[in-house]
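Letter by letter, the chains look like this.
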Amino acid sequence: MVSMAEPDTNALRRLPAVATVLATEGAALLLDRHGRVAATDAIRRVIDDVRAALRTSPGVAPDADEVVKRAGNLLDARPAGLRPVFNLTGTVLHTNLGRAVLADSAVEAAVASMSHPVALEYDLATGSRGERDDHVRRLLRELTGAEDATVVNNNAAAVLLCLNTFALRREAVISRGELIEIGGAFRMPDIMLRAGADMVEVGTTNRTHAADYRNAINERTGLVMKVHTSNYRIQGFVAEVAAPELAAIADAAGVPLLNDLGSGSLVDLARYGLAKEPTVREAVEEGARLVTFSGDKLLGGPQAGFIVGDRALIAEINRNPLKRALRVDKVRLAAIEATLALYRDPDRLAERLPTLRFLSRTHADIEAQAHRLQPAVAQHLDEAFVVDVADCQSQIGSGALPLDTLRSAALRIRSRGSQDALEQLTAALRALSYPVIGRVSEGALLLDLRCLQESDEASLLATLGELDTAGLAAHRP
Ligand SMILES: *Cc1c(COP(=O)(O)O)cnc(C)c1O
């Protein structure tokens, strides 16, 4: 017969009641920090767990202070909400880390719009109703050369809205070689379907010719679409119809051409030593009647989607009821306006716009920063790890120029012992109060410093000081 363990009645009797724990000073602090409901729940859970354990085996009953401490640990271990991290992955526009970091002026504008009423749809000159797009319309026209502009939630929304406005129950013509999928279930065929457009694919995966478009356009065609294949490249025996030629074909048929640039840029990046990405102004000059692009990719602003183009077409888009469902709020509009304003002064853009500042940093600059930080970082880690400075390659991210990497420098962390220890360290860095996210490559953890602002160096080192190196050392071989 199996003998049942005896309940530890003595210890059970000494177990404090919830009310007793709540009366302590420590519990008052816990309530203050986490709120009454969460704190009381955690205290009850600790007591219940101990009681369950003491029912089957002997043990020591924790006193009220110990219960508070354990409840505090439980509360601290809850999954974190949205919080800032150090992006040391080397991917500047990391979609999973929120893409672009905003410029100071954009942050200030956003904060001001949050804490005060703003003239969002109010014309201050006349005292009558205004339009929210007006705040950015003028800037977008000036920066792109387009007749008019409108803003929506993101570029996916911009494409959806264009398709729904011009190709609902009609046909949208697109090259097979441009049927892109972008992360997060944005697949061109699916978007067309949801927009109510009949997709007409022309050409083949690698080659599409002018005649393919001409033959496909008929009286049911609502839109011809060109997509900048931002996140991949087809090389070899390829042919595509360049935008100016396609614009002429669409114009001759009286159908608008939409050019979806994806990232797009408002300035020639070659000016900052980067590879060329098509600019919105060029796309407009090439004759597309509508051009769409993202706010939080190369542009370096908040999440948004822009549609620029012919005045009459933009007016039609603005009359589509879906526009209302896809519009942006005052906070983002404020940040967008401030971000766009920076583009009026290209000479100082790289200094003021974090995305461009990160992208244009030289290898020498990043390497010098790595050498400066190396001793302090090494000191915060256990002797089980070696920290040195290594060359690495950064990426732009968000599908922009996927094949062009940027030479960068990293703090390279290797384990003297097992790979387990390195994995433990990687996890420990993610668990810090200000999580540090690097990338693992060839058995080393790389902290690519391209996106570490000098003003954040001290807080990175302070955060690393939290590392429980004793815990890590336990995994030494
Ligand atoms: C990124 C991208 C989109 C989607 O833009 P979001 O702003 O992420 O919604 C659409 N088309 C292309 C070509 C893209 O690169």
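Going by the structure above, here's the rest.
Report follows, based on the coordinates. As the structure is a computational prediction, the values presented were derived from the model and not from experiment.

### Here we look at the pattern of salt bridges
As enumerated under the stated definition, the model contains 31 salt bridges in all. In this structure, Arg44 engages Asp41 in a salt bridge whose closest nitrogen and oxygen atoms are separated by 4.0 Å. Separated by three residues within a single helix, Arg44 and Asp41 lie in helix α4 (residues 36-56), roughly one turn from each other. On the basis of relative accessible area, Arg44 is assigned to the partly exposed category, the value being 38%. With a closest N to O distance of 2.7 Å, Glu142 and Arg344 form a salt bridge. Of the two residues, Glu142 sits in helix α7 (residues 134-144) while Arg344 sits in the loop between α15 (330-342) and α16 (346-352), which places them 202 residues apart along the sequence. Through salt bridges with shared partners, a single ionic network connects Glu121, Arg129, Arg132 and Arg327.

### Notes on the site of the ligand
Close to the ligand lie 14 residues, the nearest being Ala156, Ser230, Asp260, Ser294 and Lys297. Measuring from an oxygen atom of the ligand, one finds a side-chain N or O atom of Asn154 at 3.4 Å. Contact between the ligand and Asn155: an oxygen atom at 3.1 Å from a main-chain N or O atom of the residue. Out of a free accessible area of 380 Å², the ligand has 94% covered by protein chains. Elements that contribute at least two residues to the shell around the ligand include exactly α8 (155-167) and β8 (257-262). The residue inventory of the shell around the ligand, partitioned by class, reads five nonpolar, six polar and three charged.

### Remarks on the sheet that holds β8
Overall, mixed pairing links the seven strands, which are arranged β2-β10-β9-β8-β7-β3-β6 in an open sheet. Unpaired on one side and paired on the other, β2 (148-152) and β6 (198-202) mark the two borders of the sheet. Taken pair by pair, the neighbouring strands of this sheet meet at an average axis angle of 25 degrees, ignoring direction. In this structure, strand β9 (residues 290-294) lies alongside strand β10 (residues 305-309), joined through five bridges in antiparallel fashion. Of the residues in β10, the one forming a bridge with Val291 is Val308.

Here is what the cut-offs are and how they apply
- Per chain, the residues get numbers from 1 upward, laid out in the order the sequence is written.
- Given that the model is predicted, a residue must reach a pLDDT of at least 70 before its local features are reported, and side-chain atom pairs must reach 80 or more before they are shown or counted; all residues, however, enter totals for whole chains, interfaces and linings.
- Processing note: side-chain calculations cover all non-hydrogen atoms of the structure and skip hydrogens and water entirely.
- Criterion for a salt bridge: a side-chain nitrogen of Lys or Arg within 4 Å of a carboxyl oxygen of Asp or Glu.
- The secondary structure listing takes helices from DSSP runs of H or I that are at least 4 residues long and strands from runs of E that are at least 2 residues long, numbered from the N terminus.
- Relative accessibility under 20% of the residue-type maximum defines a buried residue, over 50% an exposed one, and the middle range a partly exposed one, all with a 1.4 Å probe and only protein chains included.
- Neighbouring residues are identified by heavy atoms, a residue being near a molecule or strand if any of them is within 4 Å of it.
- Pairs of N or O atoms are called polar contacts if they sit within 3.5 Å, as long as, within protein, a hydrogen donor faces a hydrogen acceptor (for residues adjacent in sequence, only side-chain-to-side-chain pairs).
- Values of accessible area rely on a 1.4 Å probe in the Shrake-Rupley scheme; residue burial ignores everything except the protein chains shown.
- Lys, Arg, Asp and Glu make up the charged group, whereas Ala, Val, Leu, Ile, Met, Phe, Trp, Tyr, Cys and Pro make up the nonpolar group; the residues left over, Gly among them, are polar.
- By definition, two strands form a pair when at least two bridges between them are found by DSSP.
- Fitted lines through C-alpha atoms serve as axes, helices being fitted only where they are in contact, and the angles separating the N-to-C directions of these axes extend from 0 to 180 degrees.

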